[in-house]
Amino acid sequence: NADVARSAEDSGACCTLVLLQNNDLWTANIGDCRAVLASVPPDGSEDFSATDLSEDHKADRPDERARLRQCGGQVAPAVHFDDGDFEPARVFEDLAERSRGPGLTMSR
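Residues numbered from 1 in each chain as written. Predicted model: local features only at pLDDT ≥ 70, side-chain atom pairs only at ≥ 80, totals over all residues. Heavy atoms only, no water.

Concerning the overall build of the protein
So, point 1. Looking only at helices and strands, the protein features two helices and eight strands.
So, point 2. Ordered by position in the sequence, the α and β elements of the protein form the string α-β-β-β-β-α-β-β-β-β.
So, point 3. Relative to its full complement of 108 residues, the protein shows a buried share of 20%.
So, point 4. At a minimum sequence separation of 6, the contacts of the protein that also span at least 24 residues come to 29%. (Helix = DSSP H or I, 4+ residues; strand = E, 2+ residues; numbered from the N terminus. Buried < 20%, exposed > 50% of the residue type's maximum accessible area, 1.4 Å probe, protein only. Contact = heavy atoms within 4.5 Å.)

Rendered as structure tokens:
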């Protein structure tokens, strides 16, 4: 079905989980999202600090792109259009046959 194929071209999903159990903090993520911990300074001021707890799994990160290529994947670069639209980097099995499935914007 052409409508299903078209909607799949722009689909995607990601998930980030954080579990605090006693004094242990566990994080897990998949896709292009991350967990961030906001900390309040001891003096109680509003100068919050942010600490990344996970890393985005984006196909255009040099280490992810290298890992994908080693596994046989191909990465189409991100595209910035004149009208302001943006298409993120996507992972394909074969860049010459993109119609075989949607390109993923995440690499794990």
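With respect to the pairing of strand 2 (residues 24–30)
Along a regular strand, successive side chains alternate from one face of the sheet to the other.
So, point 1. Across seven bridges, strand 1 (residues 15–21) lies against strand 2 in antiparallel orientation. Bridge pairing in strand 2 links Leu 19 to Trp 26.
So, point 2. As consecutive antiparallel partners, strand 1 and strand 2 are separated by two residues, and within that stretch Asn 22 has a phi angle of approximately 55°, a positive value. (Pairing = 2+ DSSP bridges.)

Things to note about a nonpolar patch on the surface
So, point 1. A surface patch of nonpolar side chains, amounting to about 360 Å² of accessible area, comprises Val 18, Leu 20, Leu 25 and Leu 37.
So, point 2. By secondary structure assignment, the location of Leu 20 is in strand 1.
So, point 3. Judged by relative accessible area, which is 61%, Leu 20 ranks as exposed. (Patch = residues over 30% accessible without salt bridge, like charges linked within 9 Å, V, L, I, M, F, W, Y side chains within 5 Å. Areas by Shrake-Rupley, 256 points an atom, 1.4 Å probe, with all protein chains shown as cover. Salt bridge = Lys/Arg side-chain N within 4 Å of Asp/Glu carboxyl O.)

Focus on the pattern of salt bridges
So, point 1. The final tally for this structure, using the stated rule, is eight salt bridges.
So, point 2. Between Glu 64 and Arg 61 there is a salt bridge, with its nearest N and O atoms 4.0 Å apart. Each member of the pair, Glu 64 as well as Arg 61, carries the same accessibility label: buried.
So, point 3. Salt bridges linked by common partners bring Glu 55, Arg 61, Asp 63, Glu 64 and Arg 67 together as one network.

Quick word on unusual backbone geometry
So, point 1. One non-glycine residue, Asn 22, lies in positive phi territory at about 55°.
So, point 2. Checked against the element boundaries, Asn 22 lands in the loop between strand 1 and strand 2.

Considerations on the environment of Ala 76
So, point 1. Within the element layout of this structure, Ala 76 appears in strand 5 (residues 74–76).
So, point 2. Between the C-alpha atoms of Ala 76 and Ala 59, which are 17 residues apart in sequence, the distance is 8.7 Å.

Some remarks on the side chain of Ser 54
So, point 1. Checked against the element boundaries, Ser 54 lands in the loop between strand 4 (49–52) and helix 2 (62–70).
So, point 2. The class for Ser 54 is buried, based on a relative accessible area of 10%.
So, point 3. Separated by 2.8 Å, the side chain of Ser 54 and the backbone nitrogen of Ala 35 make a polar contact. (Polar contact = N/O pair within 3.5 Å; in protein donor to acceptor, adjacent residues only side chain to side chain.)

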